[in-house]
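Letter by letter, the chains look like this.
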Amino acid sequence: MLTTTLVSAAALCVVLQVTLFFRRQWRARRIREWVQAQRRIASFQYADSPEIDERLRLRAVENRRLKAAFGIDNSLTTSSPSTHKRFLQTSNGLLSGKGRSWEQLYRRAETFLKQETQDRARLPLAQTVRCMVLAVVLSDSFGVDPASIPRRDLVTVTEEINKQWMLSKCDPDGLAPSALLNATIASISRHMAPQVVARHGEGAPEEVLGLLMPQYETLWRVVLLTFATAYHHQPAAHPDAVQRTADVPACLGDPAREKEALKLAKEGLRLYPSNKHLYRAHAPSHASNLSSNPNPKPKSAPPLAADISTLHRHPSIWGPDALAFRPARFDGTSLTELQREAYVPFSVRPHRCPAGAGNGFGELMVLVLVCALGRGWWVADGEGSDGGVGLETDGDSEGFPGIEVREVRFEVRYEDLTLGRQVKVPMNGNAGEGCRGSSGHAGNPATKIGQLPTRTTPTWCSPRTFFRAHQLHQDGMAAIVRDDVSAPLATVRKTSSAMLCRLTLGALAAASVAKASFDRNLAYSSPSRRHPSLAVPLTHVSKRQTGDMFTPAEVNFTHGVASGDPYDDSVILWTRLSPTADSVASDMVPEGVVPIYDDAEGAPPSSKAACLEFKIGTDEALTNVVDQGRAYTTSDVDYTAKFEAGGLQPFTTYYYQFNVCDSDKASPLGRTKTIPAKTQKVDKNIRLAVYSCSNYPAGYFNAYGNPARKDSVDYVLHLGDYMYEYEPDSSLPDRNPSPNRETYSLYDYRARLGSYRTDADLQLSHGRFAWIPVWDDHEVANNAWRNGSSNSSGDDFRRRKQAAVRAYFEWMPLRQADLDDSLRIWRGFAFGTLFDLAMLDTRNYDRDLTVLNGLAGIGGNSAEVEKQVGWQNRTIMGFAQEAWLYGQLRESSARGAAWRVIGNQVIFSRMTLGILPGQLDKPFNRDQWDGYLANRDRVYRCLDEGRINNTVMLSGDSHASWVSDLAWLGERDYDEDTGRGAFGVELAGTAVTSSSPVGSTPKFAANLLSQWLVGQNPELQWQDLFYRGYFEMSIGYDAMHATFYGIPDVKKRSADEVVVARFQINNGENRLARNPTVGGGRAKSGALKNGRVDLF
Ligand code: HEM
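Residues numbered from 1 in each chain as written. Predicted model: local features only at pLDDT ≥ 70, side-chain atom pairs only at ≥ 80, totals over all residues. Heavy atoms only, no water.

- As named in an unreviewed UniProt entry, the protein chain is Alkaline phosphatase, taken from Parathielavia hyrcaniae.

Pasting the structure below:
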């Protein structure tokens, strides 16, 4: 019995062993076959060894999305053998790179990174890596000096490429190349080295992109992920990963040492192959060649895809540590034959990437860039973040002190061949854990090989993923890293012992004045808490405080109250509680931080604080209080105070008041209103008063007071020139503001704003309505652009702008739109489903050179501007803002908001006098959108291509009124009588007080000139030069109305006003309503197309 049992057991064991053996054999065969099948797809053998033109076609069909998204025609997208040949030759030429110094490329990357980290406390990792890779590739292939490329151009290019890439995956149909991308590439191309231009010609942007894409787009993800893994996730598990590169860049050029270091790149290219799949179209005969695909698919089948990432990651090929980052696997002869076959980061012949063929370019580039990152951004003292080991450097590169990488989270995936689904392996923290976790996952996929997939559809892209990635990206935190980074939070934070020390001291000091709450006062973080030279460091302020407080008797609410930037649940409340009506002389902050300006004039800085409280409630008596708080203000912020009042209900009126802490010394009562919630249907028209150009010496601000007296609007928009910087020269004795000179210093701007805010009508308006303001040039200096103004440039201008921006944020009730972008004032508001409002900065943010002096191409620098006006890369807004605006418009239209209102500074429509030499229709004022033609075209293109309706542009700046249909002249037919062909309407208002372009010309004479202008400009329907004033809008779902008010005399304070003209815009018409002609055929002043105007 026992013998029988033993024999049976032995037999069973043998059977089992044999079964297992055969099963292993079977599995090994299956996996080999599968690898072969993938290679056959990559090499086009599945299609019976087709000729070159057929191979190109099979690839081009699947890459057509790249053609659509980027307009490129390169090796990867063309079906033409001659284009392919030409392109390969050019690529090989770039790769051969005679005279290339790898060490120099390393240094370029290092310099770039050092600059990036210089003034910034926090870096978006993915964005920085993308920009670095682009800068280095541009310098290597095109001889572009990275220092000559503005950083924003790098950001624009990389972001646009990313965006187009994502869109092409999600929505390839109907996708057009990005005009913004092309314009920026064109701008960068101007910095190409002359020998490159001589060799390749200047190259259209699409051609440059065609050459750039195979390099940049393949490199940056590999570089980012290899860096993050090698230096921050896995060093403890595999110290060799980093040590092998310890002598980079010195080893470059020495084949033996270089080979060691290159294993880091090889392992990076294994785990993070840039092309996770190589897509090919079905060929009629392919089925017979694919053992695992017995059923030919119909034409609509998903494309074939050689699954490179699974080839590189599957545990049956690479062993149980397949997902570990272990460069040692490339040591000596340790790769198995199967692994060698499966490792194809540069594809396989006959279309192997030229960067992987023999010259080692791809691997070297990855190595150099990863090492530049790693050695700069890794704590080299044995305590790398995430428990990494120390890096022994050769002493020539110190790393960048105080940089710490935080929150790099992503996961690696591979196809579980058994389950036919993806297995995700989180790589947070110590990657060793991630890998250990994976080995037991889903029944250990390494041990099972079932059916082998031969085609894969892209699984990662759904509109939701895209949206999420996009959202995160908007937050400035995201790495949109396709596929491998699914939790794309990657930032680099900069800390230093000095900073830590300051923080600790600050905290201690703050504790000593424990009851003081400075940080509720947002004035301290304006314009940017993240930029210490602009905001006031709270630690410093609190440290200086002696605990002495101003008594209620010592302080006053001299400048009234204000509210602004309403959201559906919060609003900004402003006041100033000061012991002095004057402004503070210096922005000197305690602890010896270098004062930017120090002015003998004005009130001296003080170590005493003033304490104030606010209350906001639903009734005038403030019995039903919804939010309240207290904070301190000091001389550091010119005694201004800004609170964000929260917990409010949408589209609701509130009352608010400030008082000196624990006293009944109170400010005037203010009234404000939240906006409707984004999805809310608005049950009554929303009314706005729209202003621009209030020059204090020119007259009284009656226009501000009238809507408050009539109580005729809900909110106030200000389009800029809220104040003027000029030396005062008023004929009215009480209208000369402080200081008695042109403003340059911080004191000057503060004092000027303070003087303006004593105007009774301005105070009335601020106290009754929530304002949404943007600046134009005079808040800084006349005809300002990115780097200068009419009478200041260089350092002078920079300091002036810095002072002006800081004072503006202190004194105006607006939010800091982006803490990482101190100059950003452009921002959006959603007024329920009725309209979206985009407030632009076409002036100070990033405007290219404008006309500083002179007009109509004559005088000053206008000849230079005249040369530039047609440049494709010219921008009035800066590319970041452009991208934002186009996104806002598309999003607004997609969400179904009835109207899109754009608050902008300068006139958008073309304006010609029709009398200029050369061309009759030449515009006369290049300081408005007429000087930025490509930017205007891009706006029109966005409206046109996105089929965006009901857009209304609001403009100021000109001191006159201009009402036009938005006509894309030269591109689309437009009928001036019916308005057919227009894209919307422009409402440009006159000044509150600033004088007319024709001075005090009598009305009949001014109207003659208006008539001439209306006659010369088909889209211009009404024009008036005579009146100062403002306009009101009443916005409903079916129609929008605009009423233009004229102030008969600004030289005296009065409530008098006249209705000068009225207009209607009907939903869906995209033009001014003709009832029966524009403006009802009647206006009080100016000139009205097809209408009558009162003589007096
Ligand atoms: C790490 C860097 C790189 C990687 C991982 C990589 C990867 C690849 C892969 C996988 C392909 C095959 C695509 C397919 O057939 O669908 C390819 C093709 C190609 N790559 Fe690269 N590439 C890199 C860098 C470069 C660079 C620097 C250049 C040019 C300067 C370049 C130019 C090309 C060209 C022209 C082709 C098409 C080859 C042909 O049609 O025969 N690549 N690359």
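## Quick look at the overall build of the protein chain
Next up, step 1: Scanning the protein chain from N- to C-terminus turns up 28 helices and 32 strands.
Next up, step 2: Restricting the contact set of the protein chain to residue pairs at least 6 apart, pairs at least 24 apart contribute 74%.
Next up, step 3: When the accessible surface of the protein chain is totalled, it reaches about 41400 Å², and 53% of it is carbon and sulfur. (Helix = DSSP H or I, 4+ residues; strand = E, 2+ residues; numbered from the N terminus. Contact = heavy atoms within 4.5 Å. Areas by Shrake-Rupley, 256 points an atom, 1.4 Å probe, with all protein chains shown as cover.)

## As for the site of the ligand
Next up, step 1: The full set close to the ligand counts 26 residues, and Arg-59, His-84, Arg-280, His-351 and Cys-353 are the nearest of them.
Next up, step 2: In the environment of the ligand, an oxygen atom lies 2.6 Å from a nitrogen or oxygen atom belonging to the side chain of Arg-59.
Next up, step 3: Within the side chain of Arg-280, a nitrogen or oxygen atom sits 2.9 Å from an oxygen atom of the ligand.
Next up, step 4: Of all elements in the fold, only α4 (81-96), α10 (205-233), β2 (277-280) and α16 (361-376) reach the threshold of two or more residues within the shell around the ligand.
Next up, step 5: Here the shell around the ligand is built from residues that sort into 14 nonpolar, 10 polar and 2 charged. (Near = heavy atom within 4 Å. Polar contact = N/O pair within 3.5 Å; in protein donor to acceptor, adjacent residues only side chain to side chain. Nonpolar A, V, L, I, M, F, W, Y, C, P; charged D, E, K, R; others polar.)

## Some words on the packing of helix α8 (residues 179-189) against helix α26 (residues 879-895)
Next up, step 1: At their nearest, the axes of α8 and α26 sit 11 Å apart, and the two run at 170° to each other. As far as their axial angle goes, α26 and α8 are roughly antiparallel. Across the interface between the two elements, Leu-180, Ala-183 and Thr-184 from α8 touch Phe-879, Glu-882 and Ala-883 from α26.
Next up, step 2: Residue composition of the contact of α8 with α26, by class: 4 nonpolar, 1 polar and 1 charged. (Axes fitted to C-alpha atoms, helices over the stretch in contact; angles between N-to-C directions. Parallel < 35°, antiparallel > 145°, perpendicular 65-115°, else oblique.)

## Regarding the coordination of the iron atom of the ligand
Next up, step 1: Of the protein atoms, Cys-353 (SG) alone serves as a donor to the iron atom of the ligand, at 2.2 Å.
Next up, step 2: You can see Cys-353 is positioned in the loop between α15 (337-342) and α16. (Donors = N, O, S within 2.8 Å, 3.2 Å for Na, K, Ca; no water.)

## With respect to the packing of aromatic side chains
Next up, step 1: As enumerated under the stated definition, the model contains 38 aromatic pairs in all.
Next up, step 2: A centroid spacing of 6.0 Å and a plane angle of 85° characterise the contact between Trp-775 and Phe-809, whose relative ring orientation is edge-to-face. Of this pair, Trp-775 sits in the loop between β17 (770-773) and β18 (788-789) while Phe-809 is found in helix α24 (residues 794-811), placing the two residues 34 residues apart along the sequence. When sorted by exposure, Trp-775 lands in the same class as Phe-809, which is buried.
Next up, step 3: Between the aromatic rings of Trp-968 and Phe-983, the centroid separation amounts to 6.1 Å while the plane-to-plane angle is 75°, which identifies the pairing as edge-to-face. In this pair, Trp-968 is assigned in the loop between β24 (961-965) and β25 (984-988) and Phe-983 in the loop between β24 and β25, connecting sequence segments 15 residues apart. Just as Trp-968 is buried, Phe-983 falls in that class too.
Next up, step 4: These aromatic residues form a ring-pair network of at least three members: Tyr-691, Tyr-696, Phe-701, Tyr-704, Tyr-722, Tyr-756, Trp-771, Tyr-1030 and Tyr-1045.
Next up, step 5: Looking at Lys-681, its charged tip hangs above the ring of Tyr-1037, at a distance of 3.8 Å from the centre.
Next up, step 6: If you follow Arg-800 out to its NZ or CZ, it ends over the ring of Tyr-744, 3.8 Å from the centre. (Phe/Tyr/Trp six-rings, centres within 6.5 Å; stacked < 30°, edge-to-face > 60°. Buried < 20%, exposed > 50% of the residue type's maximum accessible area, 1.4 Å probe, protein only. Lys NZ or Arg CZ within 6 Å of the ring centre and 35° of its normal.)

## Observations regarding a nonpolar patch on the surface
Next up, step 1: Taken together, the side chains of Val-14, Val-18, Phe-21 and Phe-22 define a hydrophobic patch exposed on the protein surface, amounting to about 370 Å² of accessible area.
Next up, step 2: Among the residues examined, Phe-22 registers a relative accessible area of 51% and is labelled exposed. (Patch = residues over 30% accessible without salt bridge, like charges linked within 9 Å, V, L, I, M, F, W, Y side chains within 5 Å. Salt bridge = Lys/Arg side-chain N within 4 Å of Asp/Glu carboxyl O.)

## Quick notes on the sheet that holds β17
Across a sheet, paired strands are connected by hydrogen bonds in the backbone, their directions being either parallel or antiparallel.
Next up, step 1: Here we have 9 strands laid out as an open sheet, ordered β12-β9-β8-β17-β16-β15-β27-β28-β29, and mixed in their pairing. Edge strands, defined here as strands with exactly one partner in the open sheet, are β12 (640-645) and β29 (1058-1066). Taking the axes of each pair of neighbouring strands and ignoring which way they run, one obtains an average angle of 25° across the sheet.
Next up, step 2: Across 4 bridges, the pairing between strand β8 (residues 561-564) and strand β9 (residues 571-576) is antiparallel. By the bridge assignment for β9, Val-561 is matched with Thr-575.
Next up, step 3: Helix-sheet contacts for helix α21 (residues 702-710) involve β15 (686-691), β16 (715-718), β17, β27 (1028-1035) and β28 (1039-1047), and the interaxial angle to β27 is about 35°.
Next up, step 4: Contacts from helix α23 (residues 760-768) reach β8, β16 and β17, with the element oriented near 50° to β8. (Pairing = 2+ DSSP bridges.)

## So, the state of the cysteines
Next up, step 1: Following the criterion strictly, the structure yields 1 disulfide and no others.
Next up, step 2: Paired through a disulfide, Cys-611 and Cys-661 show a sulfur-sulfur distance of 1.9 Å. Handedness here is read from the sign of the S-S torsion; for Cys-611 and Cys-661, about -70°, the answer is left-handed. Of this pair, Cys-611 sits in strand β10 (residues 610-617) while Cys-661 sits in the loop between β13 (653-660) and β14 (670-673), placing them 50 residues apart in sequence. (Disulfide = S-S within 2.5 Å.)

## Structural notes on the side chain of Arg-938
Next up, step 1: Tracing the sequence through the fold places Arg-938 in helix α27 (residues 933-945).
Next up, step 2: A distance of 2.6 Å separates a polar atom in the side chain of Arg-938 from a polar atom in the side chain of Glu-882.

## Let's talk about α4
Next up, step 1: A rise of 1.5 Å per residue sets the reference length of α4, with its 16 residues, at 22 Å; its end C-alpha atoms lie 22 Å apart and thus fit the reference within 8%.
Next up, step 2: Of the residues making up α4, those classed as buried are Thr-83, His-84, Phe-87, Thr-90, Ser-91, Leu-94 and Leu-95. Angular distribution of buried residues about the axis of α4 spans 140°; they occupy a single face of the element. Residues of α4 that are exposed and angled more than 90 degrees away from the buried face: Ser-82, Lys-85 and Gln-89.
Next up, step 3: Just past α4, the residue Gly-97 takes up positive phi, approximately 35°. (Expected span 1.5 Å × (residues − 1). Arc of directions from axis to C-beta.)

## Side note on the nonpolar core
Inside soluble globular proteins, nonpolar side chains tend to come together where they are buried.
Next up, step 1: Core analysis: the largest hydrophobic core is formed by 110 residues, its most contacted members being Phe-835, Leu-885, Leu-954, Leu-987 and Met-1033.
Next up, step 2: For this core, the element with the highest residue contribution is α24, accounting for 8 residues.
Next up, step 3: Those residues in contact with Leu-987 that sit more than four places away from it in its chain are Val-952, Met-953, Leu-954, Ser-955, Trp-962, Val-963, Phe-1031, Met-1033, Ala-1042 and Phe-1044.
Next up, step 4: Within the second largest apolar cluster, 107 residues are counted, among which are Val-129, Val-222, Met-365 and Leu-373. (Core = buried A, V, L, I, M, F, W, Y, C linked by side-chain atoms within 4.5 Å.)

## Let's talk about unusual backbone geometry
Next up, step 1: With an omega of 5°, the peptide bond between Arg-349 and Pro-350 qualifies as cis.
Next up, step 2: With respect to the secondary-structure elements, Pro-350 resides in the loop between α15 and α16.
Next up, step 3: Residue Pro-739 follows Ser-738 across a cis peptide bond; omega there is -20°.
Next up, step 4: Within the element layout of this structure, Pro-739 appears in the loop between β16 and α22 (746-756).

## Here's the deal with the sheet that holds β14
Next up, step 1: One open sheet holds the 4 strands; their spatial order is β11-β10-β13-β14, and the pairing between them is antiparallel. Here the strands that pair on one side only, and so sit at the sheet edges, are β11 (625-633) and β14. If you compare each strand with its neighbour and ignore which way they point, the axes differ by 25° on average.
Next up, step 2: Where β10 meets β11, 8 bridges bridge the pair, whose relative direction is antiparallel. Looking at β11, one finds that Ile-616 is bridged to Asp-627.

## Points about helix α2 (residues 52-62)
It helps to recall that an α-helix has 3.6 residues per turn; residues three or four apart then point in one direction.
Next up, step 1: Of the residues making up α2, those classed as buried are Arg-55, Leu-56, Leu-58, Arg-59 and Ala-60.
Next up, step 2: Where α2 is buried, its residues meet α3 (64-70), α4 and β2.

## Regarding the pairing of β24
The side chains of a regular strand alternate between both faces of the sheet.
Next up, step 1: For β24, a buried count of 5 out of 5 residues is recorded, marking the element as mostly surrounded by other parts of the structure.
Next up, step 2: Residue alternation in β24 divides its side chains into two sets, Ser-961, Val-963 and Asp-965 and Trp-962 and Ser-964, and both sets are buried.
Next up, step 3: Of the strand pairs in this sheet, β24 and β25 are connected by 4 bridges, and their pairing is antiparallel. Of the residues in β25, the one forming a bridge with Trp-962 is Ala-988.

## Overview of the packing of α21 against α23
Two measures define how a pair of helices packs: the angle their axes make with one another and the distance between the axes.
Next up, step 1: It is the contact of α21 with α23, at a shortest axis distance of 7 Å, that shows an interaxial angle of 40°. Comparing the axis directions of α21 and α23 gives the class oblique. Read as a crossing pair, α21 and α23 show a hand that is left-handed. On α23, the residues that touch Asn-702, Tyr-704, Gly-705, Ala-708 and Arg-709 of α21 are Asp-761, Leu-762, Leu-764, Ser-765 and Arg-768. (Left-handed = near helix turned anticlockwise from the far one by under 90°.)

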